[in-house]
Structure formats: structure tokens, C-alpha cells
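Geometric and topological summary
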Amino acid sequence: MQSLAKRPPCSTAPARVGTACGRRVRASLVIRAQTASSNHVESISGVRQEVVEAIAQARHNCLTATNLPLPNRRQGKVRDTYDLGDRVVIVTTDRQSAFDRLLASVPFKGQVLNQTAAWWFQQTSHIVPNALLSLPDPNVALMKKCAVFPVEFVCRGFMTGSTDTSLWTHYKAGARSYCGNSFPDGMRKNDRLAANVITPTTKAEDHDVPISPREIVEQGLMTQQEWDTVSAAALRIFAFGQAEAAKRGLLLVDTKYEFGKDADGTIHIIDEVHTPDSSRYWLADTYSARHAAGLEPENIDKEFLRLWFRQRCDPYNDAVLPEAPAELVCELSKRYVYLYERITGRDFQVPDLATPINDRIVDNLRKAGLC
Ligand SMILES: Nc1ncnc2c1ncn2[C@@H]1O[C@H](COP(=O)(O)OP(=O)(O)OP(=O)(O)O)[C@@H](O)[C@H]1O
Ligand SMILES: [Mg+2]
């Protein structure tokens, strides 16, 4: 397990409590090393007991697949989309993907992602238009349909990561130029970059590949003008997200955006913004001291799940992956809820656990006149 496990048993690290949406953030963070656990999953506290209990109960009622009475279903890694012509119904499921694989289903993850993204869409609408029209259900977004640029706009503020497309992976292997950006010698893992950068990738079905802005234009994926507009917007949203995260004691380390054009040719941000799935968040308070001591930052993102699989298998190549333990899955769910509450300043609303999520969604879509 990563460095959080190296903390003394039961040591506590109260995080700075900030304000969100003008109100005080209720949750506080305490991380404990669970020495008795063979999986060494650190536990995050600050999530209400009723939510913790609901997570355990909901583990066998996750939204892993959808089959709604709507046309043109397409299954993404996490979202199922239904194409209504000028609009898309986007259902965020509880699927947890990484390494281009399905790793597990995580209770309430879809709801948290959908509601976190909606909050950020609203907060960033002064920077760039977004495609969100409404949330007919906690797991569902109705969006303006856009022609999606086949590019993932990855923004980074730190030299980090562990996947094949991560900046640190390439830098460690000797690369000093990456996706059109140059980096000096002598950088260490988790160093803050001198300035935020964009390291775009292609948006592929199976595996995203790093690409430079020049190649994006040369290959006709975007015009130069589109690239200039979108990359500037992406960096502005990222800087805004970092500033908002900082108010809540968080570092928004990196993230990825998708953009597309609506029927009028207007560029919109689509898909998701600054969710714990598309972004890496670290705790600001402890970053500097831990980094100076050569320790990994304390994070509340899915990196610990990635590391768990990396330590046990070859997640890119093995035909069958080990099953993530319940303890780990519930912990991840708690972290998602925690991050939602900390960022938005809202309490997570536990859904009615007796109703299967699919049935609830159909009911809500009917009420919204969508099916
Ligand atoms: N407003 C929109 N108009 C058209 N397509 C959209 C819109 N918003 C999202 N999409 C598309 O819906 C799909 C959502 O799928 P999902 O997020 O599960 O996977 P992905 O985006 O392919 O992969 P990942 O997010 O892991 O990189 C994506 O293909 C995304 O481009
Ligand atoms: Mg996506």
C-alpha cells in the first residue's frame, strides 16, 4: 500500500477545514492505518455514520449496467449514453474503470460523480458553456448533444501518476518533452510544475495515446483555432478548479476534460468536470512536509485502488484480475462521498435503498417526459 500506510497506527491528520458555497464544510478528515487488515486500506472519516452504513448495504445494489427504454444505447467505460437526436441521456453508473478495465462496482459512485460534475458545470459556466441541461435523476444527466472532439484535454499541475500516459511515467523513463511541453532535468515525483500544462491524448475506444497540439492539428482532429480556444478554456477551468479546491484544503493535481460542438458550432465542455474519477486530489495541508520527507501525498482519489491492483497483478495484460475486497470498495465509496461533500458543501443524499436504481431511473425519466 502507498505511504499513508506508513503513518503510525491510528495517527490522525486533521485536514484544514474550509468553506464551500458560503457555508462551513462539515466533514473533517482523519486517516488511520488499519494495521489489523491484510489489505491495509486506510479509512477516511468525516462521512456520516448513516452514509457509511448505507454504503455497506448498497454494495449489492450497484448500478453496473443499464437497459433503459430509450433509443441508441452506447456503453462507455463509466457512462451509458442514449442518443435522443439533439440531446443525450447520460447515465453515470457505479462502474469503476482504470487501466482500460472494469475493476469493480462502487456503491453511490455514479450518483456522486453525476452530482459533483453538475456542481462544477454550474460553477464554471462563466468560463465556457457546458452541455448540461438538467439532472432528471441523481445518476442521470440530460445534455445537449455535441460532436465530440476526439481528444482528451489532460491538464496537470504536478509531476505525478502511475499509468502509461502519466507524466511521471514518461519523465522517469527519460523523456523531457511530452505532448509539446518541456520539463527540466532533476524533477522528483510529485513536484509541483512551474506552470500548469496540457498533455492531450487521443480519445480511443481502448487505450488513449499521448499526442501533441501540433499533431492534433496536422491529423485534422481539430483546427488550430479550435485547439487555441479549447486549450485556453481548459487551462482557465483547471486554474479555477485549483483555486476552489485550495479553499477547501485540497490540491487539484490533474484532470481531464472533453469538449464538443453543438449544432450551432458553439464549443461546450461535456461529459464530466473535476470529479474524483477524472481528477486527482491531494490534501494541501500535508503535501509539502510529506513531499520533503519523500512520502507520497495523502490523496482522496482512486489512486489507491490502482496501486492495489498494480501490486497484485499486471492490470493491463492479465486476462483475469483479482476481485477488489469489499473493504476496499466501501472505502473508495466513502472517499467519493467525502470529496463530494467537501467540494460542494452539500450533504450527500442517501437514495432509497429498497428501490433498484434502474427502476428509479425509469420512473424519473418518465416524470421528466423522456421515456
Ligand atoms: N454532451 C455530450 N454530447 C455527446 N457525447 C457526450 C456528451 N457528454 C459525454 N459524451 C460522451 O459520452 C461518453 C461517456 O462515456 P464514459 O465517460 O463512460 O467513457 P469515456 O468518456 O469514453 O471514457 P473516459 O471518460 O474514461 O475517458 C463519452 O464517449 C463522451 O464523449
Ligand atoms: Mg468520460
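In this report, we go over the structure that sits alongside the text. (Residues numbered from 1 in each chain as written. Chains lettered and ligands numbered in written order. Predicted model: local features only at pLDDT ≥ 70, side-chain atom pairs only at ≥ 80, totals over all residues.)

Each helix and strand counted, the protein chain has nine helices and 20 strands in total. When the 371 residues of the protein chain are sorted by exposure, 43% land in the buried category. (Helix = DSSP H or I, 4+ residues; strand = E, 2+ residues; numbered from the N terminus. Buried ≥ 20, exposed ≤ 12 C-beta atoms within 10 Å, placed from the backbone.)

With that out of the way, let us pick up the environment of Ala-354. Along the chain, Ala-354 turns up in the loop between α8 (326-344) and α9 (357-367). When the C-alpha positions of Ala-354 and Gln-57 are compared, they lie 10.0 Å apart, and in sequence the two are 297 residues distant.

Of all residues adjacent to ligand 1, which total 18 residues, the nearest are Gly-76, Arg-79, Ala-131, Met-143 and Ile-270. For the shell around ligand 1, the elements supplying multiple residues, two or more each, are β6 (79-83), β7 (87-92), β11 (140-144) and β18 (250-261). For the shell around ligand 1, the residue count by class is eight nonpolar, four polar and six charged. (Near = placed C-beta within 6 Å. Nonpolar A, V, L, I, M, F, W, Y, C, P; charged D, E, K, R; others polar.)

Core analysis: the biggest nonpolar cluster contains 85 residues, and Phe-153, Ala-234, Leu-251, Tyr-281 and Val-337 have the highest contact counts within it. Beyond its immediate stretch of four places on either side in the chain, Phe-153 contacts Ile-198, Pro-200, Val-230, Ser-231, Ala-234, Lys-256, Tyr-257 and Phe-259. (Core = buried A, V, L, I, M, F, W, Y, C linked by C-beta atoms within 7 Å. Contact = placed C-beta atoms within 7 Å.)

Within helix α1 (residues 49-58), the full set of buried residues consists of Val-51, Ile-55 and Ala-58. Across the axial projection of α1, the buried residues extend over an arc of 75°, all falling on one side. Exposed positions of α1 whose direction lies more than 90 degrees from the buried face are Gln-49, Glu-50 and Glu-53. (Arc of directions from axis to C-beta.)

On to unusual backbone geometry, then. Apart from glycine, the bulk of residues carry a negative phi angle, and the bulk of peptide bonds sit in the trans form. Despite not being glycine, Asp-100 shows a phi value in the positive range, around 60°. Within the secondary structure layout, Asp-100 lies in the loop between β8 (95-98) and β9 (101-105). A residue is classified by how many C-beta atoms lie within 10 Å of it, and Asp-100, with 15 of them, is partly exposed. Despite not being glycine, Asp-271 shows a phi value in the positive range, around 70°. Within the secondary structure layout, Asp-271 lies in the loop between β19 (267-270) and β20 (279-283). In this structure Asp-271 comes out as buried when scored by C-beta crowding, with 25 C-beta atoms within 10 Å.

So, about the environment of Asp-363. Within the secondary structure, Asp-363 is located in helix α9. Spatially, the C-alpha atom of Asp-363 lies 9.1 Å from that of Asp-137, the residues being 226 residues apart in sequence.

Further remarks concern helix α7 (residues 303-312). For α7, every residue scored as buried is listed here: Glu-303, Phe-304, Leu-305, Trp-308 and Phe-309. Elements that come into contact with the buried residues of α7 comprise β8, β9, β20 and α8.

This brings us to the sheet that holds β7. Judged by pairing direction, the sheet is antiparallel, and its five strands sit side by side in the order β5-β6-β7-β11-β10 without closing on themselves. The open sheet has two free edges, formed respectively by β5 (73-75) and β10 (132-137), since each of these has just one partner strand. Going from strand to strand, the sheet's axes swing by 25° on average, the running direction of each strand aside. The pairing of β6 with β7 spans five bridges and is classified as antiparallel. (Pairing = 2+ DSSP bridges. Axes fitted to C-alpha atoms, helices over the stretch in contact; angles between N-to-C directions.)

Let us look at the packing of helix α2 (residues 109-123) against α8. As a packed pair, α2 and α8 sit with axes 10 Å apart at the nearest point and diverge in direction by 20°. Classified by the angle their axes make, α2 and α8 are roughly parallel. For the element pair α2 and α8, the recorded crossing hand is left-handed. Every residue of α8 that contacts α2 at Lys-109, Val-112, Gln-115, Thr-116 and Trp-119 is listed here: Ser-333, Tyr-336, Val-337, Tyr-340, Ile-343 and Thr-344. Grouping the amino acids of the contact of α2 with α8 by side-chain chemistry returns six nonpolar, four polar and one charged. (Parallel < 35°, antiparallel > 145°, perpendicular 65-115°, else oblique. Left-handed = near helix turned anticlockwise from the far one by under 90°.)

Interpretation note: all reported values are geometric properties and have no functional meaning in isolation.
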